[in-house]
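Reading the structure
Chain by chain, the residues run as shown.
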Amino acid sequence: MDLFPPIPNALTETSAKALQWAELQQHLASGAQSPLGRSRVATLAPSGDIRWIEQEQQRTAEMRRLVGGGGGFDFRGIFDASELLAKAQIEGSALEPAELLASLTHAERVEAWRQTVLAPPAAVSGKWPGIEELSAPLLGHDLGNLLRFLRGKIEADGSLSDDASPELRRIRRAMERQHRAIEDSLRRALAKLSEGGSTQDELITVRGERFVIPVKVEFKRKVGGVVHGSSSSGQTVFVEPMETIEQNNELVRLLDEEQAEVHRILVAMTRAVAAQAEALLLGAAILAEADMHQAVARFAEDLECVRPTFSLTGVAASELADFDLRAARHPLLELHLRTRDAKIVPLTIALPEGKRQMIVSGPNTGGKTVALKTAGLLALMAQAGLPVPADRARLPLFTEIYADIGDAQSIEQNLSTFSAHVVNVDRIARAAGGSSLVLLDELGSATDPEEGAALAVAVAEHFLRRRAWCLITTHLTSLKVYAAKHEGVLNAAVGFDEARLAPTYELRLGVPGASAGLNIAARLGLDAAIVANARSQMSSQTADIGRFLDELHAQLSAATAEREALADVQKKLDAERLKLATEGRIEQKARTRELEGKLETLIKDFELQLRDTVRAIDDKTVAQKIARDSALRIARLRREFSEQFQTTVVAHTTGADRSDGPLVVNRAREAQVGDTVRLKSLGREGRVARVIDAKTLEVQVGAMKMRVPRSDVAEVVAFAKDAAAAGKPRRGGVTVSTATGSDDSEYMTSEINVIGRTADEAESEVERFVERAFLAGLPSIRVVHGVGMGILRRTLREFLNKHPHVVSVSEPPYNEGGQGATIV
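Conventions we followed
Position numbers for residues count from 1 along each chain, tracking the sequence in the order it is written. This being a predicted model, a pLDDT of at least 70 is required before a residue's local features are given, and a value of 80 or more before pairs of side-chain atoms are given or counted; all residues contribute to the totals for chains, interfaces and linings. Excluding hydrogens and water, the side-chain values take into account all heavy atoms of the structure. Secondary structure counts use DSSP, requiring at least four H or I residues in a row for a helix and at least two E residues in a row for a strand, with both numbered from the N terminus. Relative accessible area decides the class of each residue, using a 1.4 Å probe on protein chains only: under 20% of the type maximum gives buried, over 50% gives exposed, and in between gives partly exposed. Contact criterion: two residues are considered in contact whenever any of their non-hydrogen atoms come within 4.5 Å of each other. Using a 1.4 Å probe, accessible areas were evaluated by the Shrake-Rupley method; residue-level cover was limited to the displayed protein chains. When DSSP finds two or more bridges between a pair of strands, those strands are recorded as paired. Fitted lines through C-alpha atoms serve as axes, helices being fitted only where they are in contact, and the angles separating the N-to-C directions of these axes extend from 0 to 180 degrees. Planes of paired rings set the category: under 30 degrees apart is stacked, over 60 is edge-to-face and the rest tilted, where pairs are Phe, Tyr or Trp rings (Trp by its six-membered ring) whose centres lie within 6.5 Å. Any carboxyl oxygen of Asp or Glu within 4 Å of a side-chain nitrogen of Lys or Arg constitutes a salt bridge here. Orientation labels follow simple angle bins: below 35 degrees gives roughly parallel, above 145 gives roughly antiparallel, 65 to 115 gives roughly perpendicular, and whatever is left gives oblique. When residues are grouped by polarity, Ala, Val, Leu, Ile, Met, Phe, Trp, Tyr, Cys and Pro land in nonpolar, Asp, Glu, Lys and Arg in charged, and all others, Gly among them, in polar. pLDDT measures the predictor's confidence residue by residue and takes values from 0 up to 100. Multiplying 1.5 Å by the helix residue count minus one yields the expected span of that helix. Note: crossing handedness is left-handed where the near helix turns anticlockwise from the far helix by less than a right angle, and right-handed where it turns clockwise. Put simply, a nonpolar core is a bunch of buried Ala, Val, Leu, Ile, Met, Phe, Trp, Tyr and Cys residues held in one set by side-chain atoms that sit within 4.5 Å of each other.

The next point concerns the overall build of the protein. Within the protein one finds 22 helices and 22 strands. Counting across all 824 residues of the protein, residues that qualify as buried make up 42%. For the protein, the share of sequence-separated contacts (at least 6 apart) that also reach a separation of at least 24 residues comes to 70%. When the accessible surface of the protein is split by element, carbon and sulfur atoms take 53% of a total near 44,100 Å².

What follows is the structure, given as structure tokens:
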């Protein structure tokens, strides 16, 4: 079984050495917990298979959820058991105890992972389908029986435990007893011999698995027994006394039994391991993969990586492709800078729609090569299924990645630096196409500047015609001009701080950069006289171009600083606005509660005064009717006023009333014909129909005309000229619909039909109708509600019997409606 299947559609050209792919793999491998996981990291390679890439990215993203939640899995102890299992599957073979112990540890890790997938932690429960798919082949293999059979049988030193089998325990107990018997017999023999000075030392030792005693060579004939050798000096011989020979024979027999039983146990354990060979091999492959993804997940968490996305590439979709790395960081450089307590400067490397080539210029040591390596390495990482250190990463799916970076001089091949670059560029130029990434460092350098510039422009045009994605670094003005003239090419520059005479390592898109070679030389300490002489040798045109680029970058730096300052000011303004809005809402709520309390107090005072007034009326019947009528009106007015108050508060809070004009109470003159007025007694609006005299008005309220004293007019709501607008509802007010415009306007029907209404709707309509009829002076009305289930009839009659304006409620004769109507 191949533990690590080959990468599907692996890229044939990756420039891995130039882009430091091996160094990145070494760092990732250091995060794996097992040698097998480290071996799996070593097989990582970029692929052109988008399904495989997304699968790997998904699995790593799922492991990041586990790691990010403070969890993780211990993969230590897994190993490639292929050879061991092949040996175990040979009939009658026995693995060594150390091999069985390693198999036990491996099986424990495999079973623990299986249980983790079956019952995952809360952080990933239901959220890691990729890991579940990876582990699916393992879920049907239960290693519980194997673990129970192996556990407790092998000691840490590799020997079998007494608990390995009852027979082994019996044999070893018998051996212990036999040891004690032999030792007792030998001590007695030593005691007798020591009296005559025949023994060398009073000790018992072992020779050839036989217990013996040391005897001086001159006394060996006095001791009956078998000699099992002598000391190196020849002064002592080791004798097995006759009385212990049989005992030693018995011990040897027990030793043979022990070895036979140990072998039998090892064979049984080996057979048990071999029976689970498939699960153990599956476990090795799956856990190695999971160990790798966990190592990558920890790396991604540490460097705050993002999951890259891919745009379409190829001939048909070439215009839809996108190359966009935002705030990208070279992972190896960032890790190195951390060891020096320094921070990396992120780079944004982006080719907008329609652009296929970027010309990066700027000062030496400014980060041009780092930009190339960052783009190339992140492309390799993305297509190897790894998250990339950036804020956003969207890349084409490349089929090849070519890089010509660094000094390619070869003494063995008799190639100069320039020649080696030309050979490499020629190879790339012949192979690169629309789905290739080409990275060229210092194109056209190491030869005559004029010829090198011409060659560089020609090479760049070639790759532009081939539609290859191309990043080129240069100091050549010709390439900067080329980029400005061609539609598909973008200039970019690494920054340079004129004040400090030092690079900023930032990458600015859309503008070329000045090489600042003389400035860099001055900063590095070159003799000032030499630098001054060099400046005098420059042509005026070259100096003007350099000065222009310096000024342009200075203006860009100032604009960037101003933009950042404005963003900070805007943040502060937004925070202050939010603070004021919050404080305003708190104050408004407090004021609203205060007004509600005051208004509630006023209404209660009014109710108390009204009750006192009613009690002063002598006529009890009239007093009771007025009390009922006033209670009903007060409740309705309280409800209407509360609704109006809440509506006004909400409108003010949300700003919905900003277009409303101020409420004006018109008291500038007395009410005249046509004016709309509000009456104190009814709390309603009406139109002045006629002026009776100086103290009396005739006011039309709805369909009814009534005479009222001028003192009953609470306010003039609208003058006659505004009568057309007087009927327009105002926010929070009560709208009264009236029928006007004919001689029949003073006529009011005495019947209302509420068939088909719900009980609540019917009760509300009948209540309003009774009010209008009472104001119109009708002696009785007829309510048509239908028979049905009798619900409307019962509801309305109960309501009407309690109404303060109603004297009686009766049912009309059958020919006038019977149970389907009610006479009030």
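Having put the structure on the table, let's press on.
Here the focus is the sheet that holds strand 21 (residues 782-784). Ordered by their spatial adjacency, 3 strands build an open sheet running 20-21-22, and the pairing between neighbours is mixed. In this open sheet, the two strands that pair with only one neighbour each are strand 20 (751-753) and strand 22 (821-823). Sheet twist, expressed as the average angle between the axes of neighbouring strands with direction ignored, equals 15°.

The strand order across the open sheet formed by 4 strands is 5-9-6-7, and the pairing between neighbours is mixed. Only two strands of the sheet have a single neighbouring strand rather than two, namely strand 5 (309-311) and strand 7 (347-351). Neighbour to neighbour, the strand axes of the sheet diverge by 25° on average, direction disregarded. Pairing analysis gives 4 bridges linking strand 6 (residues 323-328) to strand 7, with the strands arranged antiparallel. Paired with Leu-325 across the strands is Ile-349, a residue of strand 7. Against the sheet, helix 12 (residues 368-383) makes contact with strand 5, strand 6, strand 7 and strand 9 (392-396), and its axis sits at roughly 110° relative to strand 6, the strand it touches most.

Turning our eyes to something else, we now look at the pairing of strand 17 (residues 696-701). Of all 6 residues making up strand 17, 6 are buried, and the element is well covered by its neighbours. What you see with strand 17 is no split at all: Thr-696, Glu-698 and Gln-700 on one side and Leu-697, Val-699 and Val-701 on the other are buried throughout. One ladder, built from 4 bridges, connects strand 16 (residues 685-691) with strand 17; its direction is antiparallel. From the neighbouring strand, Val-691 faces strand 17, where its bridge partner is Leu-697. Between the antiparallel neighbours strand 16 and strand 17 lie 4 residues.

Right, let's talk about the packing of aromatic side chains for a bit. Throughout the structure, instances matching the rule amount to 6 aromatic pairs. A centroid spacing of 6.0 Å and a plane angle of 65° characterise the contact between Trp-113 and Trp-128, whose relative ring orientation is edge-to-face. Here the residue Trp-113 occupies a position in helix 5 (residues 97-118), and Trp-128 occupies one in the loop between helix 5 and helix 6 (129-135), the gap between them amounting to 15 residues. Residue classification places Trp-128 among the buried positions, given a relative accessible area of 0%.

Applying the stated criterion across every chain, the model contains 35 salt bridges. The shortest N-O distance in the salt bridge between Glu-56 and Arg-59 comes to 3.5 Å. Placement of the pair is Glu-56 and Arg-59 together in helix 3 (residues 50-68), with a separation of 3 residues, close to one helical turn. Judged by relative accessible area, which is 2%, Glu-56 ranks as buried. Overall, Arg-59 belongs to the buried group, its relative accessible area being 7%. Asp-142 is the partner of Arg-114 in a salt bridge, and the nearest nitrogen-oxygen pair spans 3.9 Å.

Between helix 1 (residues 21-29) and helix 10 (residues 277-303), the shortest axis-to-axis distance is 9 Å and the interhelical angle comes to 100°. It follows that helix 1 is roughly perpendicular to helix 10 by the angle criterion. Touching Leu-24, His-27 and Leu-28 of helix 1 are Ala-295, Val-296 and Phe-299, all from helix 10. Here the contact of helix 1 with helix 10 is composed, by residue class, of 5 nonpolar, 1 polar and no charged.

Let us look at the confidence of the model for the protein. The share of residues in the protein with pLDDT of 70 or more is 76%, and the mean pLDDT across the chain is 80. Contacts from residues 656-668, a stretch scored under 50 in pLDDT, to residues over four places away or in other chains number 13 contacts.

What follows concerns helix 21 (residues 759-776). Along its 18 residues, helix 21 runs 25 Å from first to last C-alpha, staying within 8% of the 26 Å computed at 1.5 Å per residue. Listed as buried for helix 21 are Ala-762, Val-766, Phe-769, Val-770, Glu-771 and Ala-773. A positive phi of about 80° marks Gly-777, the residue just after helix 21.

Regular strands show a simple pattern: their side chains alternate between the two faces of the sheet. Here 3 bridges tie strand 5 to strand 9, and the two strands are oriented parallel to one another. If you follow Thr-309 over to strand 9, its bridge partner there is Arg-394. Across 3 bridges, the pairing between strand 6 and strand 9 is antiparallel. Looking across to strand 9, one finds that Asp-324 is bridged to Arg-394.

For the rest of this paragraph, the subject is the packing of helix 5 against helix 10. At a minimum axis separation of 10 Å, helix 5 and helix 10 run at an interaxial angle of 65°. Taken together, the axes of helix 5 and helix 10 lie roughly perpendicular to each other. In this structure, the crossing between helix 5 and helix 10 has a hand that is left-handed. Across the interface between the two elements, His-106, Ala-107, Arg-109, Val-110 and Trp-113 of helix 5 pack against Ala-279, Leu-280, Gly-283, Ala-284, Ile-286, Leu-287 and Ala-290 of helix 10.

So, on to helix 11 (residues 331-339). Those residues of helix 11 that fall on the buried side of the exposure criterion are Pro-331, Leu-332, Glu-334, Leu-335 and Leu-337. If you follow the buried residues of helix 11, they end up packed against helix 1, helix 10 and helix 12. Phi turns positive, to about 55°, at Asp-341, one or two residues after helix 11.

What follows concerns the nonpolar core. If you look at the biggest cluster of nonpolar residues, it comprises 57 residues, and the most contacted ones within it are Phe-323 and Ile-349. Here the element with the most residues in this core is helix 12; it accounts for 9 residues. Discounting chain neighbours no more than four positions away, the residues touching Phe-323 are Ile-349, Ala-350, Leu-351, Ala-375, Arg-394, Leu-395, Pro-396, Phe-398, Leu-437 and Trp-469.

Non-glycine residue Ala-327 carries a positive phi angle of around 50°. Locating Ala-327 in the fold gives a position in strand 6. Residue class for Ala-327 comes out buried when judged on its relative accessible area of 16%. The backbone of Glu-442 sits at a positive phi, close to 55°, despite the residue not being glycine. Note on placement: Glu-442 falls in the loop between strand 11 (436-440) and helix 14 (449-465).

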